[in-house]
Amino acid sequence: MKRDNHYEVAFEAFLRSRRVPFIAIDEAKRTLLGDEKVKSLDFIIVGPDDAKLVVDVKGRRYPGGTAEKPKKTWQNWATLEDIDGLDRWAALLGNGFRGVIAFAYHIAPPFVLPDNTTDAYQHHDDVYLMRGIASVDYRKQMTVRSPKWGTVGLPAKAFRSLVKPFTSLLATAATQ
């Protein structure tokens, strides 16, 4: 977790507000698994109902683009390294751990979410929408976005079918 990243700070506050137990990972140093480097994750969560998650937070703004030309697209890209890292951490920790990509969408004014939107969270003067996708599900439908940058993403239809309010991922895999 990067303390200067407002998306990750808001996500941590969101977890705290819901009394979800977690460990925030210091990303200042690259992590090694044996002799191999692996991308650091942001949080390890052992939530209600014994959910066990390794989480990488992706901060995105909605709508994107500029104030003059807003793009009302829910950006969902990540790097292949992100997905591989989550899957490796989940496998290493074993015993029911799942990798999850958490999308913390900063809702930019003047856009306003409907009242009672699940997992909308106000942090200071900003509103965030917390969403997530299990990394194994993301991997099944991801497409290459940029080979040069190693980025992947989901087509809009696949994203809509897979993305969930983050709190719904706090249930164990057995209860889903």
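Each remark here, short or long, concerns the structure printed above.
Overview of the structure. (Residues numbered from 1 in each chain as written. Predicted model: local features only at pLDDT ≥ 70, side-chain atom pairs only at ≥ 80, totals over all residues. Heavy atoms only, no water.)

Digging into the pairing of strand E5 (residues 52-62)
Thinking step 1. The buried fraction of E5 amounts to 8 of the 11 residues, a majority that puts the element mostly inside the structure.
Thinking step 2. Pairing between strand E4 (residues 43-46) and E5: 4 bridges, direction antiparallel. Counted as the bridge partner of Ile44 is Val54 from E5.
Thinking step 3. Adjacent in sequence and paired antiparallel, E4 and E5 are bridged by 5 residues, among which Asp49 carries a positive phi angle near 60 degrees.
Thinking step 4. Across 10 bridges, the pairing between E5 and strand E9 (residues 98-107) is parallel. Bridged to Val54 within E9 is Gly99. (Buried < 20%, exposed > 50% of the residue type's maximum accessible area, 1.4 Å probe, protein only. Helix = DSSP H or I, 4+ residues; strand = E, 2+ residues; numbered from the N terminus. Pairing = 2+ DSSP bridges.)

With respect to the pairing of E9
Taken residue by residue, a regular strand's side chains alternate between the two faces of the sheet.
Thinking step 1. Counting buried residues in E9 gives 10 out of 10 residues, a clear majority hidden from the surface.
Thinking step 2. Burial along E9 is two-sided: Arg98, Val100, Ala102, Ala104 and His106 and Gly99, Ile101, Phe103, Tyr105 and Ile107, pointing in opposite directions, are all buried.

With respect to helix H2 (residues 80-93)
Thinking step 1. The terminal C-alpha atoms of H2, which comprises 14 residues, lie 20 Å apart, in line with the 20 Å expected from a rise of 1.5 Å per residue.
Thinking step 2. Looking at H2, one finds that the buried residues are Asp82, Ile83, Gly85, Leu86, Asp87, Trp89 and Ala90.
Thinking step 3. Downstream of H2 by a residue or two, Gly94 has a phi angle that is positive, lying close to 60 degrees. (Expected span 1.5 Å × (residues − 1).)

What to know about the sheet that holds strand E13 (residues 151-153)
Thinking step 1. Strands sit in the order E8-E13-E12 across an open sheet of 3 strands; the sheet is antiparallel. Each edge of the sheet is formed by a strand with only one pairing partner; in this case those strands are strand E8 (78-79) and strand E12 (143-146).
Thinking step 2. Sheet topology places E12 next to E13; 3 bridges connect them, and they run antiparallel. From the neighbouring strand, Val144 faces E13, where its bridge partner is Val152.

Focus: unusual backbone geometry
Thinking step 1. Following Tyr62, the chain continues into Pro63 via a peptide bond in cis, with omega recorded as -10 degrees.
Thinking step 2. The residue Pro63 is located in the loop between E5 and strand E6 (64-65) in this model.
Thinking step 3. In the segment running from Pro109 into Pro110, the intervening peptide bond is cis, with an omega of 10 degrees.
Thinking step 4. Relative to the helices and strands, Pro110 resides in the loop between E9 and strand E10 (120-123).
Thinking step 5. In the Ramachandran plot, Arg19 falls in the positive-phi region, its phi being about 55 degrees despite a non-glycine side chain.
Thinking step 6. Along the polypeptide, Arg19 turns up in the loop between helix H1 (6-17) and strand E1 (22-24).

Quick word on the nonpolar core
Thinking step 1. Of all hydrophobic cores here, the largest spans 25 residues; its most connected members are Val54, Ile83, Phe103, Ile133, Tyr138, Leu154 and Phe159.
Thinking step 2. Not counting the four nearest positions on each side in its chain, Leu154 is found in contact with Asn76, Ile133, Tyr138, Gln141, Met142, Phe159 and Leu162.
Thinking step 3. Core analysis: the next-biggest nonpolar cluster, separate from the first, contains 21 residues, Tyr7, Ala10, Phe43 and Tyr121 among them. (Core = buried A, V, L, I, M, F, W, Y, C linked by side-chain atoms within 4.5 Å. Contact = heavy atoms within 4.5 Å.)

Some thoughts on the environment of Gly150
Thinking step 1. Considering the arrangement of structural elements, one finds Gly150 in the loop between E12 and E13.
Thinking step 2. Of the residues examined, Gly150 reaches a relative accessible area of 28% and is grouped as partly exposed.
Thinking step 3. Between the C-alpha atoms of Gly150 and Asp82, which are 68 residues apart in sequence, the distance is 9.8 Å.
Thinking step 4. Setting aside anything within four residues of it in sequence, one finds Gly150 in contact with Ala78, Thr79 and Leu80.

No statement about biological role is implied by the geometric values presented.
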